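Commentary on secondary and tertiary structure
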Amino acid sequence: PRTVAGMDALPAVHPRPGLPSRVSVYEVGPRDGLQAEKTMLPLPVKLELIDRLGETGLGIIEATSFVSARWVPQLADADDLMARLQRRPGVRYPVLVPNERGLERAMAVGADELAIFVSATETFAKQNLGTTLDGAIDMAAPVVRAAKREGIQVRGYISMCFGDPWEGRVDPAAPAAVAARLLELGCSTISLGDTIGVATAGHVLAVLDRVRAAGVPRDRIALHLHDTYGQALANVLAGLEAGITEFDSSAGGLGGCPYAKSATGNLATEDLVWMLDGLGIETGIDLMKLAATSRWLAATLGRPSPSRVVAALGI
Ligand code: MG
């Protein structure tokens, strides 16, 4: 295989006027990625993964989930993981919390940033969360209120903002209405999820317009894009043009898409950083260290990373 190393392997930098000069990459691999993997990683491997990700310069690493182990057995070690996590100064380690029980567990192990999740559609709320759209928000509300009392910030995820495996196309008014409710509830950032990866660039802009019209400012919005149909980076560029400055991604593209027969789910962090580097947009992330980490993890999982950049770098 072709092997390139050092500066030659990085893209040429050609900034575009009107794009943000810096964006936050919100790394979801250890949580969203691992919960979708069939392989159960031992706790020391997870801790090494999070540590290596912190070493790459990532500033936000979602560490785990306090969803019941009955639903997500891959992350059943969340309490131990948080207790043993070596926090790097300047790195945030949010954890996913489904309800007040999850909140208690997260607080008991010193979590200092949280994320809750709701749905833009009724069917996904029923199928995946066992409740209604309103019921999911009602479940999240006491978590957000209690966290805010402790001075802890809470991110709100909205699933199925662009398409739903049961309902098909989703009206942009649906995620916009839910985003407005999460803002009112007190979520610090609202992550719009293209959970099945069906969004295209114009669709992203249409949803962002509706969300802003519903009263949610652009600087409170993050995009959680999936590469199922190869559209994730085009959709990121649309988001950048609209002034979005936080993007979710998963190291090495960890985690497939549970709703499509595809190995490609989460946008790979390397693919995102490659494009941002080429645009001269600051992320603070060392792409080579990140790709090396994904290589190591792919070897541990026993399958190649779906990231195109990891494959192309050949390191
Ligand atoms: Mg995802």
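Keep in mind it's a predicted model, so treat the numbers as computed, not measured. (Residues numbered from 1 in each chain as written. Predicted model: local features only at pLDDT ≥ 70, side-chain atom pairs only at ≥ 80, totals over all residues. Heavy atoms only, no water.)

1. As for the packing of helix α10 (residues 269–278) against helix α11 (residues 287–301)
Two quantities define a packed helix pair, namely the angle between the axes and the distance from one axis to the other. Convention followed: Each axis is a line fitted through C-alpha atoms, and for a helix only the stretch in contact is used; angles between axes span 0 to 180 degrees, taken between their N-to-C directions. Only DSSP runs of H or I reaching four residues or more are called helices, and only runs of E reaching two or more are called strands; each is numbered from the N terminus. Roughly parallel means an angle under 35 degrees; roughly antiparallel, over 145; roughly perpendicular, 65 to 115; everything else is oblique. Each crossing gets its handedness from the near helix: less than a right angle anticlockwise from the far helix is left-handed, clockwise is right-handed. Contact between two residues is taken to exist if any of their heavy atoms lie within 4.5 Å; hydrogens are not considered. The nonpolar class holds Ala, Val, Leu, Ile, Met, Phe, Trp, Tyr, Cys and Pro. Asp, Glu, Lys and Arg form the charged class, and all remaining residues, Gly among them, are polar.
Contact pair α10 / α11: the axes reach a minimum separation of 10 Å and the direction vectors enclose 165°. Taken together, the axes of α10 and α11 are roughly antiparallel relative to one another. Once α10 is placed against α11, the crossing between them reads as left-handed. Listed contacts from α11 to T269, E270, V273, W274 and D277 of α10 are L287, L290, A291 and S294. Grouping the constituent residues of the contact of α10 with α11 by class yields five nonpolar, two polar and two charged.

2. Quick look at the coordination of the magnesium ion
As a reminder, the rule being used: Note: metal donors comprise N, O and S atoms at 2.8 Å or less from the metal (3.2 Å for Na, K and Ca); water molecules are not included, so apparent gaps in a site are possible. Working definition: with a 1.4 Å probe on protein chains only, accessible area under 20% of the residue-type maximum means buried, over 50% means exposed, and in between means partly exposed.
Protein coordination at the magnesium ion: the donors are D32 (OD), H224 (NE2), H226 (NE2) and N266 (OD1), at 2.0 to 2.2 Å from the metal. For the magnesium ion, all donor residues lie on one chain, and their spacing in sequence is D-x191-H-x1-H-x39-N. You can see H226 sitting in the loop between β10 (221–224) and α9 (232–241) and its partner N266 sitting in the loop between β11 (246–249) and α10, a full 40 residues away along the chain. Like N266, H226 is buried.

3. Points about the sheet that holds strand β4 (residues 95–96)
Put simply, the rule reads: Here, a strand pair is defined by DSSP locating no fewer than two bridges between the strands.
On the basis of which strands lie adjacent, the open sheet formed by nine strands has the order β2-β1-β11-β10-β9-β6-β5-β4-β3 and parallel pairing. Each edge of the open sheet carries a strand with a single partner, namely β2 (60–61) and β3 (64–65). Sheet analysis places strand β6 (residues 153–159) next to strand β9 (residues 189–193), joined by four bridges and oriented parallel. Residue pairing for β9: R155 is matched across the bridge by T189. Taken strand by strand, α10 contacts β1 (24–27) and β11, and its axis lies near 175° from that of β1.

4. Observations concerning the nonpolar core
Short version of the rule: To qualify as a nonpolar core, a set must consist of buried Ala, Val, Leu, Ile, Met, Phe, Trp, Tyr and Cys residues joined through side-chain atoms within 4.5 Å.
L114, I158, L192 and L240 are the most contacted members of the largest nonpolar core, which has 100 residues in total. Take this core: its biggest share by element is nine residues, from helix α6 (residues 133–149). If sequence neighbours within four positions are ignored, I158 has contacts with V118, S119, A120, P175, V178, A179, L182, I190, S191, L192 and G193.

5. Brief notes about the packing of aromatic side chains
Aromatic rings considered in pairs are described by the distance between their centres and by the relative angle of their planes. Here is the rule: Two rings belonging to Phe, Tyr or Trp (six-membered ring only in the last case) form a pair when the distance between their centres is within 6.5 Å. Interplanar angles under 30 degrees mark stacking, angles over 60 mark edge-to-face geometry, and anything in between is tilted. Working rule: Lys NZ or Arg CZ, within 6 Å of ring centre, within 35 degrees of ring normal, means a charge sits over the ring.
Summed over the entire model, instances satisfying the criterion amount to two aromatic pairs. Relative to Y157, the ring of Y26 has its centre 6.5 Å away and its plane inclined at 85°; by these criteria the two rings are edge-to-face. With Y26 in strand β1 and Y157 in strand β6, this residue pair connects regions lying 131 residues apart in the sequence. Under the relative-accessibility criterion, Y26 is labelled buried at 0%. On the basis of relative accessible area, Y157 is assigned to the buried category, the value being 6%. Ring plane angle 40° and centroid distance 6.3 Å describe the contact between F124 and W166, whose orientation is recorded as tilted. Of this pair, F124 sits in helix α5 (residues 122–129) while W166 sits in the loop between β7 (163–164) and β8 (168–169), and the two are 42 residues apart along the sequence. Here W166 falls in the partly exposed class, since its relative accessible area comes to 42%. The ring of Y157 has R31 lying over it, and the distance from NZ or CZ to the ring centre is 5.3 Å. Above the ring of Y157, the side-chain terminus of R155 is found at 5.0 Å from the ring centroid.

6. Observations concerning the side chain of E246
This is how the line gets drawn: Polar contacts, as counted here, are pairs of nitrogen or oxygen atoms within 3.5 Å of one another; within protein the pair requires one atom able to donate a hydrogen and one able to accept it, and residues that are adjacent in sequence qualify only if both atoms are side-chain atoms.
With respect to the helices and strands, E246 occurs in strand β11. A polar contact is formed between the side chain of E246 and the side chain of R155, at a distance of 2.7 Å. Those residues in contact with E246 that sit more than four places away from it in its chain are S24, Y26, I60, R155, T189, I221, A222 and L223.

7. Here's the deal with the packing of α6 against helix α7 (residues 173–185)
The contact between α6 and α7 brings their axes to 10 Å, and the two run at 25°. Our classification of the angle between α6 and α7 gives roughly parallel. Between α6 and α7 lies a crossing of right-handed hand. On the side of α6, the interface is formed by L133, D134, I137, A141, V144, R145 and K148, while α7 contributes V178, R181 and L185.

8. Quick word on the side chain of E27
So the rule is basically this: A residue counts as positive if it is Lys or Arg and as negative if it is Asp or Glu; His and the chain ends are not included. One side-chain nitrogen of Lys or Arg within 4 Å of one carboxyl oxygen of Asp or Glu is enough to make a salt bridge.
Assignment of secondary structure puts E27 in strand β1. It is R31 that comes nearest to the buried, bridge-free E27 among opposite-charge side chains, at 10 Å. Of the polar contacts made by the side chain of E27, one reaches the backbone nitrogen of A251; its length is 2.8 Å. Polar contacts involving the side chain of E27 include one to the side chain of T269, which spans 2.7 Å. In this view, E27 contacts L53, L58, I60, I61, E62, S249, S250, A251 and T269; residues no more than four positions away in its chain are not counted.

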